[in-house]
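Analysis of the macromolecular model
Below are the chains, spelled out letter by letter.
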Amino acid sequence: MPRALSDDEFAELMHGCWAGLYRTAYLLVGDHAEAEDLVQTALAKTYANWHRVRSLESAAGYARTTLVNTAASWFRKKGWRNERPTDRVPDAPVPRSIGAPART
């Protein structure tokens with residue numbers, strides 16, 4: 001039976017694959033802050049299930065799969081990322097229908 005990986009090996013994984021996970025996350029969500037949140041969430045989930053990872057060679061793939069599955073879960077949530085803050089309001093006032101009485 002393979003041995004369980006140590007916390008030091010998780011730290012090695014985290015430092016070794018952070019940049020690649022971040023690039024993947026940025027491609028998925030298109031926002032730097034959201035990409036960082038996604039990577040942190042995926043690594044936290046990976047650590048929570050660290051006892052399931054049996055080799056350091058498969059750990060990066062496990063973390064990447066966790067990242068993609070987490071992103072998919074975020075996308076499924078109703079209303080996820082439909083609104084983004086902006087410096088100015090892009091909506092224009094709705095014009096009154098032709099022939100409709102004006103409100104006074």
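Thresholds, definitions, all that
Residues numbered from 1 in each chain as written. Predicted model: local features only at pLDDT ≥ 70, side-chain atom pairs only at ≥ 80, totals over all residues. Heavy atoms only, no water. Helix = DSSP H or I, 4+ residues; strand = E, 2+ residues; numbered from the N terminus. Buried < 20%, exposed > 50% of the residue type's maximum accessible area, 1.4 Å probe, protein only. Contact = heavy atoms within 4.5 Å. Areas by Shrake-Rupley, 256 points an atom, 1.4 Å probe, with all protein chains shown as cover. Phe/Tyr/Trp six-rings, centres within 6.5 Å; stacked < 30°, edge-to-face > 60°. Core = buried A, V, L, I, M, F, W, Y, C linked by side-chain atoms within 4.5 Å. Axes fitted to C-alpha atoms, helices over the stretch in contact; angles between N-to-C directions. Left-handed = near helix turned anticlockwise from the far one by under 90°. Patch = residues over 30% accessible without salt bridge, like charges linked within 9 Å, V, L, I, M, F, W, Y side chains within 5 Å. Salt bridge = Lys/Arg side-chain N within 4 Å of Asp/Glu carboxyl O. Expected span 1.5 Å × (residues − 1). Arc of directions from axis to C-beta.

Our focus in this paragraph is the overall build of the protein. Within the protein, the secondary structure is distributed over three helices and zero strands. The secondary structure elements of the protein, listed N-terminal to C-terminal, are α-α-α. Here the protein holds 104 residues, and the buried ones make up 27% of them. Long-range contacts, defined here as pairs at least 24 residues apart, represent 62% of the contacts in the protein between residues at least 6 apart. For the protein, the exposed surface amounts to about 7900 Å²; the carbon and sulfur share of it is 54%.

A complete count under the given rule lists two aromatic pairs for this structure. Judged by centre distance (5.1 Å) and plane angle (80°), the rings of Phe 10 and Trp 50 are edge-to-face. With a gap of 40 residues between them, Phe 10 in helix H1 (residues 7-29) and Trp 50 in the loop between helix H2 (32-48) and helix H3 (56-76) connect regions that are remote in the sequence. Trp 50 matches Phe 10 in its accessibility class, with the two residues each being buried.

Among the structural elements, Thr 66 can be located in helix H3. Look at Thr 66 and you get buried, because its relative accessible area is 13%.

Glancing now at the nonpolar core. With 19 residues, the main nonpolar core has Leu 21, Leu 38, Val 39 and Leu 67 as its most contacted residues. Broken down by secondary-structure element, the contributors of at least two residues to this core are H1, H2 and H3. The biggest single contributor to this core is H1, with seven residues.

Between H1 and H3, whose axes approach to 10 Å, the crossing angle comes to 35°. Between H1 and H3 lies a crossing whose hand is right-handed. When H1 is examined against H3, the residues Glu 9, Glu 12, Leu 13, Gly 20, Leu 21, Thr 24, Ala 25, Leu 28 and Val 29 are found in contact with a partner set consisting of Leu 56, Ala 59, Ala 60, Ala 63, Arg 64, Leu 67, Val 68, Ala 71 and Phe 75.

A cluster of nonpolar side chains, namely Leu 28, Val 68 and Phe 75, defines an oily patch on the protein surface of about 230 Å² accessible area. Summarising the element assignment, Val 68 is placed in helix H3. Given a relative accessible area of 39%, Val 68 falls into the partly exposed group.

Right, let's get into H2. For H2, which comprises 17 residues, the first-to-last C-alpha distance of 24 Å matches the rise-based estimate of 24 Å (1.5 Å per residue) to within 8%. If you check which residues of H2 are buried, you get Glu 34, Ala 35, Leu 38, Val 39, Ala 42, Leu 43 and Thr 46. Mapping the buried residues of H2 onto a view down its axis gives an arc of 170°, with all of them on the same face.

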